[in-house]
Amino acid sequence: MHHRPISSSTPRTSRRTVLHAALAVPLALGLAGQAAAQSAATAFPSKTIRFVVPYPPGGPTDLMARMLQPELQSRLGVPVVVDNKGGAGGNTGSAEVAKQAPADGHTLLLAASGPMAVNPSLYASMPFNPLTDLAPVIQLSAFPLVLEVHPSLGVKTLAEFLALAKAGKPVLSFASAGNGTPQHLAGELFNTMAGVKMGHIPYRGAGPALNDLIGGQVNVMFDIVGSSLPHIQAGKLIPLAVTSSERAKVLPNVPTMAEAGIAGYQITGWHGIAVRAGTPQATIDKLNATVNAIFKDPAFRTKWEAIGTPVVAGNAADFGALIKADAQRLGKLVRDAGVTVD
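Reading the values: rules and limits
Residues numbered from 1 in each chain as written. Predicted model: local features only at pLDDT ≥ 70, side-chain atom pairs only at ≥ 80, totals over all residues. Heavy atoms only, no water. Helix = DSSP H or I, 4+ residues; strand = E, 2+ residues; numbered from the N terminus. Buried < 20%, exposed > 50% of the residue type's maximum accessible area, 1.4 Å probe, protein only. Areas by Shrake-Rupley, 256 points an atom, 1.4 Å probe, with all protein chains shown as cover. 1 Å grid on protein atoms, 1.4 Å probe; cavity = no way out; pocket = protein on both sides within 12 Å on 5 of 7 lines; lining within 4 Å. Points joined across faces, edges and corners; volume = space filled by probe spheres on them. Nonpolar A, V, L, I, M, F, W, Y, C, P; charged D, E, K, R; others polar. Lys, Arg positive; Asp, Glu negative; His and termini not counted. Salt bridge = Lys/Arg side-chain N within 4 Å of Asp/Glu carboxyl O. Contact = heavy atoms within 4.5 Å. Phe/Tyr/Trp six-rings, centres within 6.5 Å; stacked < 30°, edge-to-face > 60°. Expected span 1.5 Å × (residues − 1). Bend = angle between axes of the 7 residues up to and from the residue. Polar contact = N/O pair within 3.5 Å; in protein donor to acceptor, adjacent residues only side chain to side chain. Core = buried A, V, L, I, M, F, W, Y, C linked by side-chain atoms within 4.5 Å. Pairing = 2+ DSSP bridges.

## A look at the overall build of the chain
Turning to step 1, where the next piece is worked out: Secondary structure summary: the chain contains twelve helices and nine strands in total.
Turning to step 2, where the next piece is worked out: The buried share among the 342 residues of the chain stands at 50%.
Turning to step 3, where the next piece is worked out: Here the chain displays about 15600 Å² of accessible surface, and carbon together with sulfur accounts for 56% of that area.

In structure tokens, the structure reads:
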């Protein structure tokens, strides 16, 4: 009995078909995933954006968010709501965005140098990791501080203030926006470099601290130039020196610390916008482009610079590099000055 030989082409054809089908499945899934990601990014924003400020209302961080809020709302086409979540030197609000917010770009953090770069060296434990739990979007500011006093102290120059501080009468204490904030570090650095021993009074934000300084409940503060400027201009506060290497444009008659007699003294802070890690890159890019467009408006730039900081802007990578660099630089200052959470 003769059997017809089985064609050798049949199994090869079947294997080829199966192989092509097997390869087509992950390819289709990959393309579908890319399409879904692109669709999600294209849809952004699709609902109200919450802009979290990790400090109470009234301070410089809050001021920046409220200046940006109507601009973001207009350009993105959805409501933008500022939400103040103060506490723990900025950690409370920052951790909420880093750990609880959806990674979709609809929750923004007004990221400040305190919780982003200082607090990891200041607190024994942190509720979030700024370098891994948050994604940088854009830098907003790079600001000097101003050493200012209540008029009741009766001093108008840094030399007069130093003489008073070294005499120990009255006992001087400086207010700050909280432990580890630029205001706090500026005071600790001043103590070290000037050879004085001012006490530290931490508040839950710069706004409450500034209010008590104006009211005379405290008599010394290092504060962001922009938020104190109206009170300086009104004569309610006396500026003695700025903490940057150059004079502030809005306070041209106020010397730098180096000019006033403390050589080598320099400390500045910064703000930016961050979102939860894992947010689609296309969404981050859209947010970055939107803020850059806001800063290109000459009228807005003028208003922004009037609060005491130049326009910074730029790309997300540069802001991320700043966060990493200052985590090392300011962390070293914390350790060298022996700063602790009071």
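After presenting the structure, the write-up continues.
## Examining the layout of surface pockets
Turning to step 1, where the next piece is worked out: Size it by volume and the largest pocket reaches roughly 420 Å³.
Turning to step 2, where the next piece is worked out: Every residue lining the largest pocket is counted, 16 residues in all, and those nearest its centre are A142, P144, R247, G308 and P310.
Turning to step 3, where the next piece is worked out: For the lining of the largest pocket, the leading source of residues is strand β4 (residues 134–149), giving three residues.
Turning to step 4, where the next piece is worked out: For the lining of the largest pocket, a count of residues per class yields six nonpolar, six polar and four charged.

## Structural notes on the side chain of D223
Turning to step 1, where the next piece is worked out: If you trace the backbone, D223 turns up in strand β7 (residues 220–224).
Turning to step 2, where the next piece is worked out: Salt bridges are absent for the buried D223, whose nearest opposite-charge side chain, K236, sits at 13 Å.
Turning to step 3, where the next piece is worked out: Here D223 is in contact with P144, L145, V146, E148, Q183, A206, L210 and S228, once residues within four sequence places are set aside.

## Concerning the packing of aromatic side chains
Turning to step 1, where the next piece is worked out: With the rule as written, the count across this model stands at eight aromatic pairs.
Turning to step 2, where the next piece is worked out: Ring geometry for F295 versus W304: centroids 5.1 Å apart, planes at 70°, classification edge-to-face.
Turning to step 3, where the next piece is worked out: Clustering of aromatic rings is evident, with ring pairs tying together F161, F174, F190, F222 and Y265.

## Focus: the pattern of salt bridges
Two side chains carrying opposite charge are able to pair once their charged atoms lie near each other.
Turning to step 1, where the next piece is worked out: Per the counting criterion, the structure on display carries eight salt bridges.
Turning to step 2, where the next piece is worked out: Across the pair R50 and D83 runs a salt bridge whose closest N-O atoms are separated by 2.7 Å. Of this pair, R50 sits in strand β1 (residues 49–53) while D83 is found in strand β2 (residues 80–84), placing the two residues 33 residues apart along the sequence.
Turning to step 3, where the next piece is worked out: Residue R50 is classed as partly exposed on the basis of its relative accessible area of 24%.
Turning to step 4, where the next piece is worked out: The salt bridge partner of R329 is D326, with a shortest N-O separation of 3.1 Å. Of this pair, R329 and D326 both sit in helix α12 (residues 316–337), three residues apart, which is roughly one turn of that helix.
Turning to step 5, where the next piece is worked out: Accessibility expressed as a relative area gives 41% for R329, which makes it partly exposed.

## A short note on α12
Turning to step 1, where the next piece is worked out: In this model, α12 (22 residues) spans 31 Å end to end at C-alpha, consistent with the 32 Å of a helix rising 1.5 Å per residue.
Turning to step 2, where the next piece is worked out: Its maximal kink placed at D326, α12 deviates by approximately 25°.
Turning to step 3, where the next piece is worked out: Buried within α12 we find A316, F319, G320, I323, D326, L330, G331, L333 and V334.
Turning to step 4, where the next piece is worked out: Buried residues belonging to α12 abut β3 (107–112), α4 (113–122), β4, α6 (182–194), β9 (268–276) and α10 (281–295).
Turning to step 5, where the next piece is worked out: The opening residue of α12 is N315, an N-cap whose side-chain oxygen sits 3.2 Å from the backbone nitrogen of A317.
Turning to step 6, where the next piece is worked out: After α12 finishes, the residue G338 shows a positive phi value of roughly 65°.

## As for empty space enclosed by the protein
Turning to step 1, where the next piece is worked out: The tally for this structure, following the rule as stated, stands at one cavity of 30 Å³ or more.
Turning to step 2, where the next piece is worked out: When its volume is computed, the largest cavity comes out at roughly 120 Å³.
Turning to step 3, where the next piece is worked out: The wall of the largest cavity is formed by 16 residues, among which Y55, P60, T61, A177 and Q183 lie closest to the centre.
Turning to step 4, where the next piece is worked out: Put simply, the parts of the chain that give the lining of the largest cavity at least two residues each are α2 (60–76) and α6.
Turning to step 5, where the next piece is worked out: For the lining of the largest cavity, the element with the most residues is α2, which contributes three residues.
Turning to step 6, where the next piece is worked out: A class-by-class count of the residues in the lining of the largest cavity yields nine nonpolar, six polar and one charged.

## Regarding the nonpolar core
The tendency in soluble globular proteins is for nonpolar side chains to be buried side by side.
Turning to step 1, where the next piece is worked out: L147, F161, F190, F222, M257 and Y265 are the most contacted members of the largest nonpolar core, which totals 52 residues.
Turning to step 2, where the next piece is worked out: Setting aside its immediate chain neighbours within four residues, F222 contacts L145, V146, L147, A175, Q183, A186, G187, F190, M198, T243, M257 and Y265.
Turning to step 3, where the next piece is worked out: With 34 residues, the next largest nonpolar core counts Y55, L68, I138 and L287 among its residues.

## Points about the side chain of E148
Turning to step 1, where the next piece is worked out: Along the chain, E148 falls in strand β4.
Turning to step 2, where the next piece is worked out: Salt bridges are absent for the buried E148, whose nearest opposite-charge side chain, K236, sits at 13 Å.
Turning to step 3, where the next piece is worked out: Among residues more than four places away in sequence, those in contact with E148 are L210, L213, N219, V220, M221, D223, S228, I232, L237, I238 and P239.

## Some thoughts on the pairing of β3
A regular strand places its side chains on the two faces of the sheet in alternate fashion.
Turning to step 1, where the next piece is worked out: With respect to burial, β3 is a largely interior element, six of its six residues being buried.
Turning to step 2, where the next piece is worked out: Where burial is concerned, the two faces of β3 agree: the one with T107, L109 and A111 and the one with L108, L110 and A112 are both buried.
Turning to step 3, where the next piece is worked out: Pairing analysis gives three bridges linking β1 to β3, with the strands arranged parallel. In the sheet register, R50 faces β3, and the bridge partner there is T107.
Turning to step 4, where the next piece is worked out: Of the strand pairs in this sheet, β3 and β9 are connected by four bridges, and their pairing is antiparallel. Within the sheet, the bridge partner assigned to A112 lies in β9 and is H271.

Fair warning: the whole summary comes from geometry, so function is off the table for now.
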